[in-house]
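One letter stands for each residue in the lines below.
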Amino acid sequence: MKLAAVKGFRDIQAGEVLARRAVLEASCEVLENYGFEELELPLLEKVELFKRTVGDTSDIVEKEMYTFEDRDGSTLALRPEGTASLVRAYLAAGMARSQPEGRFYYQGAMFRRERPQKGRFRQFSQIGAEMLGRSDPAADAEAVTLVADICEAVGLREYRVELNSLGDDACRPAYRKALEAWGQERIDSLCEDCRSRLQRNPLRLLDCKVEACREAMQGAPMMVDSLCDDCESHHGRVNELLTESGVEVTANPRMVRGLDYYCRTAFEVTAAGLGSQDAVGGGGRYDGLAALLGGPDIAGVGFAFGLERMVLAAAGQEPSAPPVDIVVAPLEERALGVVLGLARRLRRAGKRVEVESPSRSLKAQMKRADRSGAACVLLVGEAELEAGKATLRDMVNKADHAQLIELDGDAEQLIKCIGEAVKGGA
Ligand code: HAM
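Keep in mind the model is a prediction, meaning the values are calculated, not measured. By convention here, each chain's residues receive numbers from 1 onward along its written sequence. Predicted model: local features are reported for residues with pLDDT of at least 70 only, side-chain atom pairs are reported and counted for 80 or more only, and whole-chain, interface and lining totals are derived from all residues. Remark: hydrogens and water are excluded; side-chain values derive from all non-hydrogen atoms of the structure.

Here we look at the overall build of the chain
To keep it simple, the criterion reads: Counting from the N terminus, the helices are the DSSP runs of H or I reaching at least four residues and the strands are the DSSP runs of E reaching at least two. Throughout, the radius of gyration refers to the C-alpha atoms, and the reference size of a globule is 2.2 Å times the residue count to the power 0.38. Here a residue-residue contact requires only that any non-hydrogen atoms of the pair lie within 4.5 Å.
Scanning the chain from N- to C-terminus turns up 16 helices and 16 strands. Computed over the C-alpha atoms, the radius of gyration of the chain is 29 Å, more than 25% above the 22 Å expected from 2.2 N^0.38 for a compact globule of 426 residues. Counting only C-alpha atoms, the chain reaches 90 × 55 × 45 Å along its principal axes. For the chain, long-range pairs separated by at least 24 residues make up 69% of all intrachain contacts whose partners lie at least 6 apart in sequence.

Here it is, written out as structure tokens:
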């Protein structure tokens, strides 16, 4: 049997786990300062949820979802994103009434069957946030401000927030037609994907990476120049508010996003260190989404960051495992029970303690203790058991204090005694 994980799915090693935790903790702190509360959402949903919202013609629904038929005949999908699930959960719990202006965040695994490469996996994690019940431009501006503050808190290198407006049902249909006509005139220069998208989702022609398509779309009409009055004033106000609050954004009229539920504001965050998959996060406004799920007409704006990409973009500041404070070394099998009890008391008092094995020689135990970075070792052998006191070896000042530490002392007394013996503290 092959031991490697399934293609696009990864085993995450201890160092990266720590880096992920640091990124998550920094992000959660910012989110909570903005008044967001965390919800936990299921990994499996009915496939219909994503078809209706993310869109039948999106890459995610067309070719990337992991779906299967359950034993009762229903078709389920591993969630490819969190917004649709969050809005479903919000409606299901009756929060449209109880929390008409809810602010929620979520984190966890998402699944998309994309071609794996650096920063792109089939199972990846997102941390996402949604602000429901707010249709005013201040909500969009606050979402972008929050995005920038998360980037700062996590320490993303050279991050940039790109902003666009995708219009709404009043102005986008005419724009789509104009773009389709533009593409139709240049159909011979377009790649296979763009040809098939031309009628179903012409906006995606704007962010195709194929050079010939990029050239063909040079000079094409842009959504920002075709906005209706309401969308234009909304977009203008979002930009004004961001300028006034000192958040720097870059206009990107070609950015369209890969999910169909967006209207008006759309944004993406790029950062250094990511190679060709340089979007570390993205989001926007999705006012029609709740209604698509059969709920009331509730506005929404939000975003999600990819955790793996955040870790890559924050690289250079990898946290290491917290150092060991104390090693407890049983020199006899007989000392093991006492040593485990001693270590437990010290750990419950907040010390990071490693217990050595009596099957190793004293020399080997000390070598390992030295490598652990512990400030002191508590040795318990025959004589120490007799005396009821452990010998303390001060690893900082390289000194032994024979039979000093009461084996059955309470944690507070033990820590005080260790602290006094080891200059610089344990
Ligand atoms: P998205 O742009 O599809 O938006 O994904 C957000 C982020 O997830 C991306 O910027 C990227 O960092 C990460 N990501 C996406 N696919 C992969 C992958 N295959 N491997 C690694 N990372 C990936 C959404 O999902 C929307 N739900 C965001 C949103 C929330 N819009 C409004 N509210």
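A look at the domain arrangement of the chain
Note: interface size is frequently given as the accessible area lost on complex formation between the parts. Where we set the bar: Where each domain starts and ends follows an automatic or database-derived domain assignment.
Partitioning the chain into structural domains gives domain 1 (14–171 + 227–313) and domain 2 (326–424). Using C-alpha coordinates to define each centre, domain 1 is positioned 50 Å away from domain 2.

Overview of helix H13 (residues 336–348)
Which entries qualify depends on this criterion: Here the expected span of a helix is defined as 1.5 Å times the quantity of residues minus one. With a 1.4 Å probe rolled over the protein chains alone, any residue whose accessible area is under 20% of its type maximum counts as buried; one over 50% counts as exposed, and the rest are partly exposed. Throughout, the arc means that of the directions going from the helix axis to the C-beta atoms.
Helix length check: H13 (13 residues) gives 18 Å between terminal C-alpha atoms against 18 Å at 1.5 Å per residue, within 8%. When H13 is considered as a whole, its buried residues turn out to be Val-339, Leu-342, Ala-343 and Leu-346. End-on view of H13: buried residues confined to an arc of 100°, all on one side of the axis. The exposed set on the far side of H13, more than 90 degrees from its buried face, consists of Gly-337, Arg-344 and Arg-348.

A look at the sheet that holds strand S2 (residues 44–46)
Which entries qualify depends on this criterion: Paired strands are those between which DSSP finds at least two bridges. Between N-to-C directions, angles span 0 to 180 degrees; the directions come from axes that are lines fitted to C-alpha atoms, helices contributing only their stretch in contact.
Here we have three strands laid out as an open sheet, ordered S2-S4-S3, and antiparallel in their pairing. This sheet does not close on itself; its edge strands, each paired only once, are S2 and strand S3 (67–69). Within this sheet the neighbouring strands show an average axis-to-axis angle of 35°, counted without direction.

Regarding the site of the ligand
The criterion, for reference: Summary of the distance rule: residues count as near a molecule or strand when at least one heavy atom falls within 4 Å of that molecule or strand. Any pair of N or O atoms that falls within 3.5 Å is considered a polar contact. Within protein, one atom must be able to donate a hydrogen and the other to accept it, and sequence-neighbouring residues count only if both atoms are side-chain atoms. All accessibility values rest on the Shrake-Rupley procedure with a 1.4 Å probe; residue burial counts only the protein chains present in the view. Any residue outside Ala, Val, Leu, Ile, Met, Phe, Trp, Tyr, Cys, Pro, Asp, Glu, Lys and Arg is labelled polar, Gly included; the first ten of those are nonpolar and the last four are charged.
Close to the ligand lie 27 residues, the nearest being Glu-81, Glu-114, Phe-121, Glu-130 and Tyr-262. A distance of 2.8 Å separates a nitrogen atom of the ligand from a polar atom in the backbone of Phe-121. Between the ligand and Tyr-261, the relevant distance is 2.9 Å, taken from a nitrogen atom to a side-chain nitrogen or oxygen of the residue. When the ligand sits alone it has 660 Å² of accessible area, and the protein chains cover 96% of it. Elements with a minimum of two residues in the shell around the ligand: strand S6 (123–132), strand S10 (279–285) and strand S11 (300–306). The element that contributes the greatest number of residues to the shell around the ligand is S10, accounting for six residues. By residue class, the composition of the shell around the ligand is eleven nonpolar, nine polar and seven charged.

Quick look at the side chain of Glu-356
The topology assignment puts Glu-356 in the loop between strand S13 (353–355) and helix H14 (362–372). Within the local environment of Glu-356, its side chain forms a polar contact with the side chain of Arg-368, the two groups lying 2.7 Å apart. Every residue in contact with Glu-356, bar those within four places of it in the chain, is listed here: Val-327, Val-328, Ala-329, Pro-330, Gln-365 and Arg-368.

So, the pairing of strand S4 (residues 75–78)
On a regular strand, each side chain points to the face opposite its neighbour's, so the side chains alternate between the two faces of the sheet. As judged from the three bridges shared by S2 and S4, these two strands associate in the antiparallel manner. Its bridge partner being in S4, Leu-44 is matched across the sheet by Leu-78. Pairing of S3 with S4 involves three bridges; the strand directions are antiparallel. Within the sheet, the bridge partner assigned to Phe-68 lies in S4 and is Leu-76. Connecting the antiparallel pair S3 and S4 is a turn made up of five residues, with Gly-73 showing a positive phi of about 90°.

So, the packing of helix H1 (residues 14–33) against helix H6 (residues 137–154)
For clarity, the cut-off: Crossings are assigned a handedness: left-handed for a near helix turned anticlockwise from the far helix by less than a right angle, right-handed for a clockwise turn.
Interaxial distance between H1 and H6 falls to 9 Å at its minimum, and their mutual angle equals 145°. Considering only the axes of H1 and H6, their crossing is right-handed. Between H1 and H6, the contacting residues are Val-23, Ala-26, Ser-27, Val-30 and Leu-31 on the first element and Leu-146, Asp-149, Ile-150, Ala-153 and Val-154 on the second.

Here's the deal with the nonpolar core
Applicable threshold: As used in this record, nonpolar core signifies buried Ala, Val, Leu, Ile, Met, Phe, Trp, Tyr and Cys residues forming a set joined through side-chain atoms within 4.5 Å.
Membership of the largest hydrophobic core comes to 54 residues, with the highest contact counts inside it found for Phe-50 and Leu-132. Examining the composition of this core, we find that six residues originate from one element, helix H4 (residues 83–92), more than from any other. Excluding its chain neighbours within four sequence positions, the residues that come into contact with Leu-132 are Leu-86, Val-87, Tyr-90, Pro-100, Glu-101, Gly-102, Phe-104, Tyr-286, Ile-298, Ala-299 and Gly-300.

As for the pairing of strand S16 (residues 399–406)
Here five bridges tie strand S15 (residues 389–394) to S16, and the two strands are oriented antiparallel to one another. Paired with Ala-390 across the two strands is Ile-405, which belongs to S16. Hairpin geometry of S15 and S16 is characterised by an intervening segment of four residues between the two adjacent antiparallel strands and by a positive phi of about 50° at Lys-398.

With respect to the pattern of salt bridges
Heads up, the condition is: A pair is scored as a salt bridge if a Lys or Arg side-chain nitrogen falls within 4 Å of a carboxyl oxygen belonging to Asp or Glu.
Summed over the entire model, instances satisfying the criterion amount to 24 salt bridges. Asp-136 is the salt-bridge partner of Arg-134, the closest N and O atoms lying 2.8 Å from each other. Across the pair Glu-185 and Arg-186 runs a salt bridge, and its minimum N-O distance is 3.4 Å. By relative accessible area, Arg-186 is classed as partly exposed at 24%.

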